[in-house]
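Summary of the model geometry
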Amino acid sequence: MLKLENRVILVTGAARGIGLAIARRSLLEGARVVMIDLNMDDFESARELLHEHESRMVLKACDVSNEDCVKELFVELKDSIGALDGLVNNAGITRDNLFMRMSMEQWQSVINVNLTGTFLMSRYACNMLRKSSAGRIVNLSSVAANGNPGQANYAASKAGVIGLTKTLALELARYKITANAVAPGFIETDMTRAIPDKAREAWISQIPAGRVGQPEDIADAVVFLLSDAAAYITGTVIGVDGGLGL
Ligand SMILES: NC(=O)c1ccc[n+]([C@@H]2O[C@H](COP(=O)([O-])OP(=O)(O)OC[C@H]3O[C@@H](n4cnc5c(N)ncnc54)[C@H](O)[C@@H]3O)[C@@H](O)[C@H]2O)c1
């Protein structure tokens, strides 16, 4: 049986990388998927890749860090689709710099997207999720939540996501909504391809599993958390990192 048949799943940052892999796996498991990203141009190749599932996917432009945009998105979804079973807060950015050189803009932009975006999307999704018999929130944290040189902004945002997730788990359990986080290690996407070669090699050499992760490795864990198999799991952080976080 398909794991997400008849479920409506919303994935943010779904135009590429990990978000695209999560959307694809959810479609393969029978879900109807709402894919969100910054602008429609980003979706061109995603649309081609997923064309066979066209009838079960909706692509929408929205900046998750902009409250007006998020508010409007949920008004529209309520009118057009009317139901939501799972929210995957995957949209995320990096603006790396050493702490002593980090600008306010670098700090704030990362907090705005990674942490405030997760807050806003969860906040506005709640009313629809509580009407589901299997409401799910899955947030993307990172192995960097434990601290990482050059990523004070990113590490703080991803540690914040863990605190937010655990609080959502506590507050929303009474509405049968679970909230969990997935903390990827080093995954092959545009985000990590932007890291200079020397730093990339240093990271990869530390991975106990001896290989970089693929977006599908993360999608598998997220789909598990969205499925019935994870109905009694809430407030956890699943590391999907080949042992990097140990
Ligand atoms: N790649 C890794 O190694 C890694 C490791 C740990 C955690 N993560 C996390 O996984 C998630 C996905 O990462 P990825 O590697 O696929 O990144 P990516 O940069 O390849 O993709 C991120 C997507 O999010 C979208 N996005 C950015 N800001 C947005 C906004 N304000 N509103 C809507 N969409 C927005 C981008 O347009 C892009 O399509 C992120 O939260 C990231 O922090 C990634």
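In case you missed it, the structure is sitting above this.
Everything in this summary refers to the structure shown in the same document. The shown structure was predicted, so the numbers you read here are calculated from the model rather than taken from an experiment.

Contact pair helix 3 (residues 67-80) / helix 4 (residues 104-129): the axes reach a minimum separation of 10 Å and the direction vectors enclose 20 degrees. If you check the angle between helix 3 and helix 4, you find them roughly parallel. In the crossing of helix 3 with helix 4, the sense of the turn from one axis to the other is right-handed. The residues of helix 4 that touch helix 3, namely those facing Glu 67, Val 70, Lys 71, Phe 74 and Lys 78, are Leu 120, Met 121, Tyr 124, Ala 125 and Met 128. Partitioned by chemical class, the residues of the contact of helix 3 with helix 4 number 7 nonpolar, no polar and 3 charged.

Let's shift gears to the packing of helix 4 against helix 5 (residues 152-172). Orientation of helix 4 relative to helix 5, taken along the N-to-C sense of each, is 15 degrees, at an axis distance of 8 Å. On the basis of the axis angle, helix 4 is roughly parallel to helix 5. Regarding helix 4 and helix 5, the two cross each other, and that crossing is right-handed. Residues Gln 106, Trp 107, Val 110, Ile 111, Asn 114, Leu 115, Thr 118, Phe 119 and Ser 122 of helix 4 pack against Asn 153, Tyr 154, Ala 156, Ser 157, Lys 158, Gly 160, Val 161, Leu 164 and Leu 168 of helix 5. The class makeup of the residues in the contact of helix 4 with helix 5 is 10 nonpolar, 7 polar and 1 charged.

Thresholds, definitions, all that
Just so you know, the residues in each chain are numbered from 1, in the order the chain's sequence is written. Local features are withheld for residues below a pLDDT of 70 in this predicted model, meaning they are given only at 70 or higher, and side-chain atom pairs are given and counted only at 80 or more; totals for whole chains, interfaces and linings count all residues. Orientation is described by lines fitted to C-alpha atoms, with helices fitted over the stretch in contact, and by angles between N-to-C directions that extend from 0 to 180 degrees. A run of H or I in DSSP counts as a helix once it spans at least four residues, and a run of E counts as a strand once it spans at least two, with each numbered from the N terminus. Geometric relationships in this document are graded by angle, where less than 35 degrees denotes roughly parallel, more than 145 denotes roughly antiparallel, 65 to 115 denotes roughly perpendicular, and other angles denote oblique. In this scheme the handedness of a crossing depends on how the near helix is turned from the far one: anticlockwise by less than a right angle means left-handed, clockwise means right-handed. Placing C-beta atoms from the backbone, we regard two residues as in contact once those atoms come within 7 Å. Residue type decides the class: Asp, Glu, Lys and Arg count as charged, Ala, Val, Leu, Ile, Met, Phe, Trp, Tyr, Cys and Pro as nonpolar, and the leftover types, Gly among them, as polar.

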